[in-house]
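What the coordinates show
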Amino acid sequence: MPSSARQAERTARRRLRRGLAYAWVAPVTLVGLVLALVALLGGARAHWVEAQLEVAGAHRLRAVGRWPHIRHFGAITLGHVILGRDDATLRRWRRHEQVHVRQYERWGLLFWPLYLAASGWCWLRGRDAYLDNPFEIEARQTDGS
Ligand SMILES: [Zn+2]
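Along each chain, residue indices are assigned from 1 in the same order as the chain's sequence is written. Reporting in this predicted model follows two pLDDT cut-offs: at least 70 for local features of residues, and 80 or more for side-chain atom pairs to be given and counted; totals over whole chains, interfaces and linings ignore these cut-offs and use all residues. Just so you know, side-chain values use all the structure's heavy atoms and leave hydrogens and water out.

1. What about the side chain of Gln 98?
How we decide: Helix numbers and strand numbers start at the N terminus; a helix is a DSSP run of H or I with at least 4 residues, a strand a run of E with at least 2. The contact criterion used throughout is that any non-hydrogen atoms of two residues lie within 4.5 Å.
Of note, Gln 98 is situated in helix 3 (residues 87–107). For Gln 98, the contacting residues outside a window of four places in its chain are Val 49, Glu 50 and Gln 52.

Below is the structure:
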């Protein structure tokens with residue numbers, strides 16, 4: 001097979017994998033898009049970064065501010081949507097949140113129950129439900145914090 005044909009085949013496979021990843025995560029991304037829309041109507045700004053939609057100003061969402069475990073809300077990932085307090089926060093947490101995007105691509109809708117189960121397991125063992133959650137540990141290892 002000529003190298004250009006191999007290259008075209010690799011590109012087609014990569015696009016297929018990306019399409020499947022987006023489809024697998026689509027239900028969660030849809031939730032993120034609804035929250036993004038509400039935030040945008042409240043004055044937030046959105047822009048594409050690599051393959052994710054980042055929304056700055058999402059802290060204006062009343063629902064986000066009410067969640068007690070994210071009182072100090074910085075950023076949260078919902079599928080391929082990252083909602084953040086502001087541009088600086090999104091830049092600071094970008095690599096971390098992109099790990100969560102990949103975790104969503106790996107687990108799809110299962111990510112939420114797995115994340116909650118991992119937090120619950122940590123809490124039951126007397127550990128921190130957020131900091132000791134293996135999904136957060138993976139994200140921190142990648143973001144360098
Ligand atoms: Zn995280």
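2. Focus: the coordination of the zinc ion
The condition that has to hold: For Na, K and Ca the donor cut-off is 3.2 Å; for every other metal, N, O and S atoms count as donors within 2.8 Å. Water does not enter the count, which can leave sites looking incomplete. Here the metal geometry follows the donor angles, with tetrahedral for four donors whose angles all fall between 85 and 135 degrees, square planar for four and octahedral for six when opposite donors are more than 155 degrees apart and every other angle is between 65 and 115, and irregular for all the rest.
In the first shell of the zinc ion, the protein supplies His 96 (NE2), His 100 (NE2), Glu 136 (OE) and Glu 136 (OE), at 2.0 to 2.7 Å from the metal. Its four donor atoms give the zinc ion angles of 53 to 148° at the centre, a pattern that matches the irregular case. Spacing between the donor residues of the zinc ion along the chain follows H-x3-H-x35-E. A residue pair is termed long-range when its members are at least 10 positions apart, and His 96 in helix 3 and Glu 136 in helix 5 (residues 134–143) qualify at 40 residues.

3. A short note on the pattern of salt bridges
Just so we agree on the cut-off: Salt bridge, as applied in this entry: a Lys or Arg side-chain nitrogen positioned within 4 Å of an Asp or Glu carboxyl oxygen.
One pass over the structure, following the stated rule, counts six salt bridges. For the salt bridge of Arg 45 with Asp 87, the shortest nitrogen-to-oxygen distance reads 2.8 Å. Within this pair, whereas Arg 45 is found in strand 1 (residues 45–49), its partner Asp 87 is found in helix 3, the two being separated by 42 residues in sequence.

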